[in-house]
Amino acid sequence: MECYFDNAATTAVFPEVKDLMVKILEEDYGNPSSLHMKGVEAERYIKEAASRISKELKCLEKELTFTSGGTESNNLAIIGAAMAKRRQGKHIICSEIEHASVSAPMEFLEKEGYEVTYIGVDEHGRLKLDELKSALREDTILVSTMFVNNEIGVIEPIEEISKVIKDYNENIVFHVDGVQAFGKMRFSPKKLGVDLMSFSGHKIHGPKGSGALYIKDKLLMRPIIYGGGQQNAMRSGTENVPAIAGMGLATELMYKDNEKKMDYIRALKKSFIERVTAFENVYDNSGDAPHVMSISFVGVRSEVMLHALEDKGIYVSAGSACSSNKPHVSNVLKAINLPKERLESTLRFSFCEDNTMEQVDYAVGIIGELLPMLRKYTR
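Our subject in this report is the structure included herewith. All figures in this text were calculated on a predicted structure; none of them were measured in a lab.

Conventions used here
- Residues numbered from 1 in each chain as written.
- Predicted model: local features only at pLDDT ≥ 70, side-chain atom pairs only at ≥ 80, totals over all residues.
- Heavy atoms only, no water.
- Helix = DSSP H or I, 4+ residues; strand = E, 2+ residues; numbered from the N terminus.
- Rg over C-alpha atoms; globule rule 2.2 N^0.38 Å.
- Buried < 20%, exposed > 50% of the residue type's maximum accessible area, 1.4 Å probe, protein only.
- Contact = heavy atoms within 4.5 Å.
- Lys, Arg positive; Asp, Glu negative; His and termini not counted.
- Charge placed at Lys NZ, Arg CZ, Asp CG, Glu CD.
- Axes fitted to C-alpha atoms, helices over the stretch in contact; angles between N-to-C directions.
- Parallel < 35°, antiparallel > 145°, perpendicular 65-115°, else oblique.
- Left-handed = near helix turned anticlockwise from the far one by under 90°.
- Nonpolar A, V, L, I, M, F, W, Y, C, P; charged D, E, K, R; others polar.
- Core = buried A, V, L, I, M, F, W, Y, C linked by side-chain atoms within 4.5 Å.
- Pairing = 2+ DSSP bridges.
- Expected span 1.5 Å × (residues − 1).
- Arc of directions from axis to C-beta.
- Phe/Tyr/Trp six-rings, centres within 6.5 Å; stacked < 30°, edge-to-face > 60°.
- Lys NZ or Arg CZ within 6 Å of the ring centre and 35° of its normal.
- Salt bridge = Lys/Arg side-chain N within 4 Å of Asp/Glu carboxyl O.

**Observations regarding the overall build of the chain**
- Summing up its helical and strand segments, the chain has 13 helices and 12 strands in all.
- Taking 379 residues into account, the globule formula puts the C-alpha radius of gyration at 21 Å, and the chain, at 21 Å, falls close to it.
- Counting only C-alpha atoms and orienting by the principal axes, one finds that the chain spans roughly 65 × 55 × 35 Å.
- Scored against the burial criterion, the 379 residues of the chain give a buried share of 58%.
- Across the chain, contacts joining residues at least 24 apart in sequence account for 73% of those joining residues at least 6 apart.
- Charged side chains in the chain number 47 positive and 54 negative. The centres of these two groups are separated by 2 Å.

The following block contains the structure:
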């Protein structure tokens, strides 16, 4: 049996999304900046995608800028906001458990003369609000944090974080990496008090190379890509029409019966956790996100367990897919103060609505067979 439990890394494209993208690639391939009908048709797909996504996020269509994915959205949000606000100050705040596409732009800005304060999290991975309050200063221009952590699935209290920031100074820009929350829960960036929010298409059964950034109307931003002035000059370059259209349709399909889908995924996760933690020295580190599960198999190194499961047709990850091909100890697991033996033995399982209870049964059975053997081998 094949069990794909790495949906937080990427998902299989919905068949309807694939069909729409093929139609655009083969038939409606015009440049959306062209004035003839082929161009007008291509532009219509972009407007339709913006309409679909803005409907789910309860935002304006013009508040969406399409990008190549979560990484570009995070870079545009952080660098674009920091550059636009640099006359007001050069102090930025972010959490210790951010994705590399947030922490790397922070490192870049530090080299450019900005000061970054990193806020700690509690043992569950939730941002320490008192630490955030203490870190805010007159020259703070930007705060960035994720909505749902990609490794352990903790859901950050975004509304509370926004209140702390805006009560101190409503002009501080609040950016949220919403990649793992998008399509998994219903929310509105505006209602949450968020100025910038990043999204990715390939986490919600859309294509790789698709993403979007919510930019609150009238927010001052600097682009990081210059050229022909597409997308209100916020992201120049000919738009990737098939990917944008695919992401728009995937968003609509993902949010159809969303609560029912998430209840189903949550049930898979709950059953998996209850049964796998019944084995000796197996621990759960998971947050409340329905689709992400973090499990430590003490006594077996994570990469050993990962490949042993792969041999049985079970696909999981040892942390963030963007960093998991480089051997390192997860900064997220260190930040929540996991003991050393759990730091080295943790795997992430992540689910989608295509997973089944039969797959969970199979995986738990295989883990039960592998653990004694691998522990014996390790010793």
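**So, the packing of helix α1 (residues 15-26) against helix α8 (residues 241-255)**
- Their axes nearest at 9 Å, the elements α1 and α8 cross at an angle of 155°. Looking at the two axes, α1 sits roughly antiparallel to α8. For the pair α1 and α8, the crossing hand works out as right-handed. Along the contact surface, α1 presents E16, V17, L20, M21, I24 and L25, while α8 presents V241, P242, A243, A245, G246, L249, A250 and L253.
- When the residues that make up the contact of α1 with α8 are grouped by side-chain class, the tally is 12 nonpolar, one polar and one charged.

**Description of the nonpolar core**
- Grouped together as the largest cluster of nonpolar side chains are 82 residues, with contacts concentrated most on F147, F187, F272, F297, M305, L309 and F349.
- Top contributing element to this core by residue count: α8, with nine residues.
- Among all residues touching F147, those that are not within four sequence positions of it are V154, I155, E156, I158, V176, D177, G178, A181, M185, F187, L192 and M197.
- L76, M83, V173 and M221 belong to the second largest nonpolar core, which has 22 residues in total.

**Things to note about the sheet that holds strand β7 (residues 196-200)**
- Ordered by their spatial adjacency, seven strands build an open sheet running β2-β8-β7-β6-β5-β3-β4, and the pairing between neighbours is mixed. Every interior strand has two partners, whereas the edge strands, β2 (64-67) and β4 (115-119), have only one. With strand direction ignored, the average angle separating the axes of adjacent strands in the sheet is 20°.
- Alignment of strand β3 (residues 91-95) against β4, held across five bridges, turns out to be parallel. Following the sheet pairing, S95 is matched in β4 by I119.

**Regarding α1**
- For α1, built from 12 residues, the straight-helix expectation of 16 Å at 1.5 Å per residue is met to within 8% by its first-to-last C-alpha distance of 16 Å.
- Buried residues of α1: V17, L20, M21 and I24, and no others. All buried residues of α1 lie within an arc of 95° about the axis, which places them on one face of the element. Looking at α1, the residues exposed on the side facing more than 90 degrees away from the buried face are P15 and E26.
- As for α1, its buried residues are in contact with α2 (37-57) and α8.

**Some thoughts on the packing of aromatic side chains**
- Going through the model one piece at a time under the given rule, you end up with 10 aromatic pairs.
- Here F272 and F351 contribute two aromatic rings whose centre-to-centre distance is 6.1 Å and whose plane-to-plane angle is 55°, an arrangement assigned as tilted. One end of the pair, F272, is in helix α9 (residues 258-276); the other, F351, is in the loop between β12 (346-350) and α13 (357-378), with 79 residues separating them in the sequence.
- Members of the aromatic cluster, each reached through a chain of ring pairs, are F5, F272, F297, F349 and F351.
- Over the aromatic face of Y45 sits the side chain of R44, whose NZ or CZ is 5.0 Å from the ring centroid.

**Considering the pattern of salt bridges**
- Counted under the stated rule, the structure contains 25 salt bridges.
- Among the salt bridges present, the one from D28 reaches K23, with a minimum N-O distance of 2.7 Å.
- Given the relative accessible area of 11%, D28 is considered buried.
- For K23, a relative accessible area of 32% puts it in the partly exposed group.
- In this structure, D139 and R137 form a salt bridge, with 2.9 Å as the shortest nitrogen-oxygen distance.
- With a relative accessible area of 27%, D139 lands in the partly exposed category.

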